[in-house]
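# Examining the three-dimensional arrangement
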Amino acid sequence: MSNDWRSCDGYREALAAATPADSMASVSRRGLLVGLGMGAVGWLAANPTLAQIAVRPGSRNQRVLVVVFLRGGMDGLNVVVPKEDAYYRLRPSLGLKGKSLLPLDDFYSFNAKLAPLLPIYRDGRLALIHAVGSNDHSHSHFEAMSAMEHGLPQAGSGTASGWLARHLESTRADTSNPLRAVALGSTMPDSLRGASQAIAIESVADYRLTADDPEFRKTLGDLYGNGKDPYTEAGHATLEVLDTLNRLNPAAYRPSVRYPKTDVANALQQVAFLIKANIGVEVAALDKGGWDTHVAEAQWLDANLDDLAQSLAAFYTDLGGETARTTVVVQTEFGRRAAENSGLGTDHGRGSVMFMLGGEVRGGKVYGEWPGLEPNQLEDPGDLRVTTDYRRPLAEALRHCGNPNPSAVFPGFVEQPLGLL
Amino acid sequence: MAAGAASLAGCSRMVNEVARRELPTDLRLPPNPEPTARLLGRVGFGPRPGELSEVAAIGPGTWVHQQLAPDASDDPALMLQLAQFEALSEDAAELRDDPDWNVTQQLSAAAILRATYSRWPLRERMVDLWTNHFNIYADKARGAFRKPTDDLKVIRTHALGTFPEMLAASAKSPAMLTYLDNQLNDRRHPNENYARELMELHTLGVHGGYTQRDVMNVARCFTGWTVENRFLRPRGTFRFDADQHDDGEKLVLGHVITSGGGVSDGEEVLAILGAHPSTARFIASKLTRTFLGKTEGPWVDRLANIYLQTKGDIPSMLEPLLTSDDLVNGEPIPKRPFDFLVSALRVTGAATDGIGVQAYLDRMGQPLFSWPMPDGYPDRAAAWTGSMLGRWNFAHDLTHGAAPGAGVNASELLASTHADPARAAVIVVLSRPTGSDDPVLETLRSSKGDANGLLALALSSPEFQYR
């Protein structure tokens, strides 16, 4: 998953896998009720093995932060579209109009591909933050991603650990839990670098030993019993997670709704499983690649937004009552140049859009100061200015999730809540 | 060899049968085997059955000197296996009609087979290092079909040559030009992608003393460096497009690049970077990280000086490092998944087609040629803590006949040590004589495992995750 950071070629699978039948209707209020009934409660009751698992003290009310990182630089201007003449002057071909827009308020409209998220927005559980970003002016994916994943204003300021790792460190609630944080993918993202109670899992259902031999498992426990080197500690944690997941029997689990058959949907489905299982997961991190739309943007952005919106909507419905303790943050390393380029795409820019959704989010609103698209309002070389530091929403989410001092996670940062939670 | 390749293409099973290597019948350890084992693990990918005795017999210094100057010979069975892969013999344009996955699979198989069976493990260690240093992502912009040429002409040709020559080859490699978007770098719209990574990741290092202005001017120097795609021209080769080149004067790292230089602008930049003291330090720190597991210390200064004295001659830097006691006395170095997989295949004398085992590299998080970012696969243990389950499952499947296209003869292997099975597993996998207080030996003894199970557990042990 985390490796799927393709510039363009990866979209073919996304296009092929997109299921047009999963329209708004399936994520309606009726769907939400089904989700409540069958998803959370029904599955727990129907799964007797769960009764044998000791729920970790306090974990039932543990709030969960889910971070979705859109790699490649999402074009915020064509995701949450402003009603401005300058927008159409800058984007004579790529500018969205008519049926390609779903009005959110007097000024902003959704890209119509985000239709599956509209009910959640109208219900006040999805907030959007526009013109958000970091202070990184490099226009480099790697610098900009590094800045955000390390929780810094710009890259290279010397902090080695990830912001989510520092969050876990500063809220050390339950030191015996090996699964406080999970990365859905085969390698650990930078945001969780340095976290001792985090593990990368590609597939929860496939997370088991191929050796059908209790003796093998037991001897691994002896081999990895003590030792402070990184692989011994990782092995020890892996065995604990294996035991936990094996008891939960994820292979038998069925979600309460139909998810699209895409990587990000698959990852979210697994996060939903872990949240419902109530085993003390506090943080989940996952990626969706393919936002680097230098050429033929409309085609790629449509497919990507379609997938993202359907997947998030399915996740939200699937969580049912668990949405009350879940906050999802969707972020990207930068937005794109305000003017379209000669290849019907857009180049690396600055300000973009962040999403926050969850049962306690004060949504139904586009947050942030709109910087404008007139020539004197843009920033060199023609980018949407960043008016909201990306750490402001993140700090609010951290405080909401029980972190008493988010400023310690973001060095030098002073909290200025937007009122998102 | 070419005709042989064609006739063998259809019978890979037979080739892999022929390629089954005989195990030595006596696998008793030579005296004091541990420094030799560490030497083999650090210089290459760990010992193959019997290799500890061979290296002990000729002396570690002689072995290192042989490794620094490989000749054209190699393991005949390996050459037979490699001859099956058309991706290794054809040029990039010919591969364009193949599915990307097929090309990447062949190239990955070749990398696994060479690291496992070649007579020249140091060269394969260096290929692994430079492949990540000059990373190419096979899934971006159809990089898959350009990478085989890059692998041969940039990485393998210069792996033990000079760094500036490898750098110059990389800059004109169509795989690199397209991976870092330089085909979009023209005088009207300079694209900074290659210029930035060239300095940040290939030469000077991020703190190597360049500015944003240098990035922009280096980008201008490389305008017009693109890939041939005109009709009836050698498609997919390097092309300098003078019409797209910015021929004005540029200032790069304090050097004036005079106007009207054409293609020599970029070549001059490469020469400046290749001779820069920051590059010397950056490459020196990469080498100490690869062979000593650390980026600091006196070896960085020493190797950087050799770099500057020898114009970046790689064997001249490696010779003192690889013959030093520091090499075998240092802290354990964590293995990446590729390192783990290859060392497991080597130490068990496994037979493999190099293809079936690739699924295990996927599950451990290191499918080859598939790291999207230009910094290459991480080498910190912290990035790979999610790979433990994949390692254990590979260890188990390999030793229990459950890994596709790979297998070991566990009972024969262990019997050749003339020790009891648990002790034999420690001798074979960890290359150490087993005292009665060896904790791994005690654990294996209590495991009730048979030969396959003991071997799987030894490969799964924390000790085997380091070199």
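What counts, and where the lines are drawn
Residues numbered from 1 in each chain as written. Chains lettered and ligands numbered in written order. Predicted model: local features only at pLDDT ≥ 70, side-chain atom pairs only at ≥ 80, totals over all residues. Heavy atoms only, no water. Helix = DSSP H or I, 4+ residues; strand = E, 2+ residues; numbered from the N terminus. Buried < 20%, exposed > 50% of the residue type's maximum accessible area, 1.4 Å probe, protein only. Contact = heavy atoms within 4.5 Å. Areas by Shrake-Rupley, 256 points an atom, 1.4 Å probe, with all protein chains shown as cover. Expected span 1.5 Å × (residues − 1). Core = buried A, V, L, I, M, F, W, Y, C linked by side-chain atoms within 4.5 Å. Lys, Arg positive; Asp, Glu negative; His and termini not counted. Salt bridge = Lys/Arg side-chain N within 4 Å of Asp/Glu carboxyl O. Polar contact = N/O pair within 3.5 Å; in protein donor to acceptor, adjacent residues only side chain to side chain. Pairing = 2+ DSSP bridges. Axes fitted to C-alpha atoms, helices over the stretch in contact; angles between N-to-C directions. Buried area = accessible area lost by both parts, 1.4 Å probe. Nonpolar A, V, L, I, M, F, W, Y, C, P; charged D, E, K, R; others polar. Parallel < 35°, antiparallel > 145°, perpendicular 65-115°, else oblique. Left-handed = near helix turned anticlockwise from the far one by under 90°.

### Looking at the overall build of chain A
A count of helices and strands for chain A gives 13 helices and 12 strands. The buried share among the 421 residues of chain A stands at 63%. Excluding contacts between residues fewer than 6 apart, the proportion of contacts in chain A whose partners are at least 24 apart in sequence is 73%. Within the structure as shown, chain A displays about 15300 Å² of accessible surface, and the carbon and sulfur contribution to it stands at 53%.

### Focus: helix H22 (residues 388-399) of chain B
All names here are of chain B. Taking 1.5 Å per residue, 12 residues should reach 16 Å; H22 reaches 17 Å between its end C-alpha atoms and fits that length. Taking burial as the measure, the 12 residues of H22 include 12 buried ones, the bulk of the element. Taken together, the buried positions of H22 are Met388, Leu389, Gly390, Arg391, Trp392, Asn393, Phe394, Ala395, His396, Asp397, Leu398 and Thr399. Directly after H22, the chain includes Gly401, whose backbone phi takes a positive value near 65°.

### Focus: helix H20 (residues 337-347) of chain B
Residue and element names in this part refer to chain B. Extensive coverage of H20 is indicated by the burial of 11 of its 11 residues. Buried within H20 we find Pro337, Phe338, Asp339, Phe340, Leu341, Val342, Ser343, Ala344, Leu345, Arg346 and Val347. Gly349 sits one or two positions beyond H20 and adopts a positive phi of about 60°.

### Things to note about the nonpolar core
Counting residues in each nonpolar core, the largest one holds 181 residues, and the members touching the most others are A:Val66 and A:Phe355. Once residues within four sequence positions are removed from consideration, A:Phe355 is found in contact with A:Val79, A:Leu114, A:Leu117, A:Leu126, A:Ala127, A:Leu128, A:Leu308, A:Leu312, A:Val328, A:Val329 and A:Val330. With 69 residues, the next largest nonpolar core counts B:Leu39, B:Trp130, B:Met199 and B:Ile272 among its residues.

### Examining the side chain of A:Glu84
Residue and element names in this part refer to chain A. Considering the arrangement of structural elements, one finds Glu84 in the loop between strand E2 (80-82) and helix H4 (85-90). As a buried residue without a salt bridge, Glu84 has its nearest oppositely charged side chain in Arg89, at a separation of 6.7 Å. Among the polar contacts made by the side chain of Glu84, one reaches the main-chain amide nitrogen of Leu373 at a distance of 3.4 Å. Discounting chain neighbours no more than four positions away, the residues touching Glu84 are Phe107, Trp370, Gly372, Leu373 and Glu374.

### Looking at the sheet that holds E2(A)
All names here are of chain A. Taken in spatial order, the three strands line up as E2-E4-E3 in an open sheet, and their pairing is antiparallel. Bordering the open sheet on either side are E2 and strand E3 (101-103), each of which pairs with just one other strand. With strand direction ignored, the average angle separating the axes of adjacent strands in the sheet is 40°. Two strands pair when backbone bridges link them, and E3 and strand E4 (residues 108-111) are joined in this way by three bridges, in the antiparallel orientation. Paired with Leu101 across the two strands is Asn111, which belongs to E4.

### A closer look at the interface of chain A and chain B
Every contact between the two is made by 39 residues of chain A and, on the other side, 49 residues of chain B. For the pair chain A and chain B, the summed buried area comes to about 3800 Å², and 61% of that belongs to carbon and sulfur atoms. The tally of links between chain A and chain B comes to one salt bridge. Linking chain A to chain B there are 11 residue pairs in polar contact (both at pLDDT 80 or more). Where the side of chain A that touches chain B is concerned, the elements lending two or more residues are helix H6 (141-149), helix H8 (214-223) and helix H9 (230-248) of chain A. The leading source of residues in the side of chain A that touches chain B is H9(A), at eight residues. In terms of residue class, the side of chain A that touches chain B is built from 17 nonpolar, 11 polar and 11 charged.

### A short note on the packing of helix H9 (residues 121-133) of chain B against helix H16 (residues 277-292) of chain B
Residue and element names in this part refer to chain B. In the contact formed by H9 and H16, the axes pass within 12 Å of each other and the chain directions differ by 125°. Between H9 and H16, the crossing angle belongs to the class labelled oblique. Handedness of the crossing formed by H9 with H16: right-handed. Between H9 and H16, the contacting residues are Leu122, Arg125, Met126, Leu129, Trp130 and His133 on the first element and Phe282, Ile283, Lys286, Leu287, Thr290 and Phe291 on the second. Considering only residue class, the contact of H9 with H16 consists of eight nonpolar, two polar and two charged.

### Side note on the environment of A:Ala339
Residues and elements named next belong to chain A. Following the sequence through the fold, Ala339 ends up in the loop between strand E9 (326-332) and strand E10 (352-358). Judged by its relative accessible area of 30%, Ala339 falls in the partly exposed class. Along the chain, Ala339 and Leu90 lie 249 residues apart, while their C-alpha atoms are 4.4 Å from each other. Not counting residues within four places of it along the chain, the set of residues in contact with Ala339 comprises Leu90, Thr346 and Gly382.

### A short note on the environment of B:Val429
All names here are of chain B. For Val429, the location among the structural elements is in helix H24 (residues 421-430). On the basis of relative accessibility, which here comes to 4%, the residue Val429 falls in the buried class. Each C-alpha atom of the pair Val429 and Asp150 lies 35 Å from the other, and the pair is 279 residues apart in sequence. Sequence-distant contacts of Val429, defined by excluding residues within four places in its chain, comprise Val347, Leu455, Ala458, Leu459 and Phe464.

### Here's the deal with the packing of helix H13 (residues 193-202) of chain B against helix H14 (residues 212-221) of chain B
All names here are of chain B. The geometry of H13 relative to H14 is characterised by a closest axis approach of 8 Å and an angle of 125° between their N-to-C directions. On the basis of their axis angle, the class for H13 and H14 is oblique. The hand of the H13/H14 crossing is right-handed. Residues Ala195, Arg196, Leu198 and Met199 of H13 pack against Gln212, Asp214, Val215, Val218 and Ala219 of H14. For the contact of H13 with H14, the per-class residue count stands at six nonpolar, one polar and two charged.

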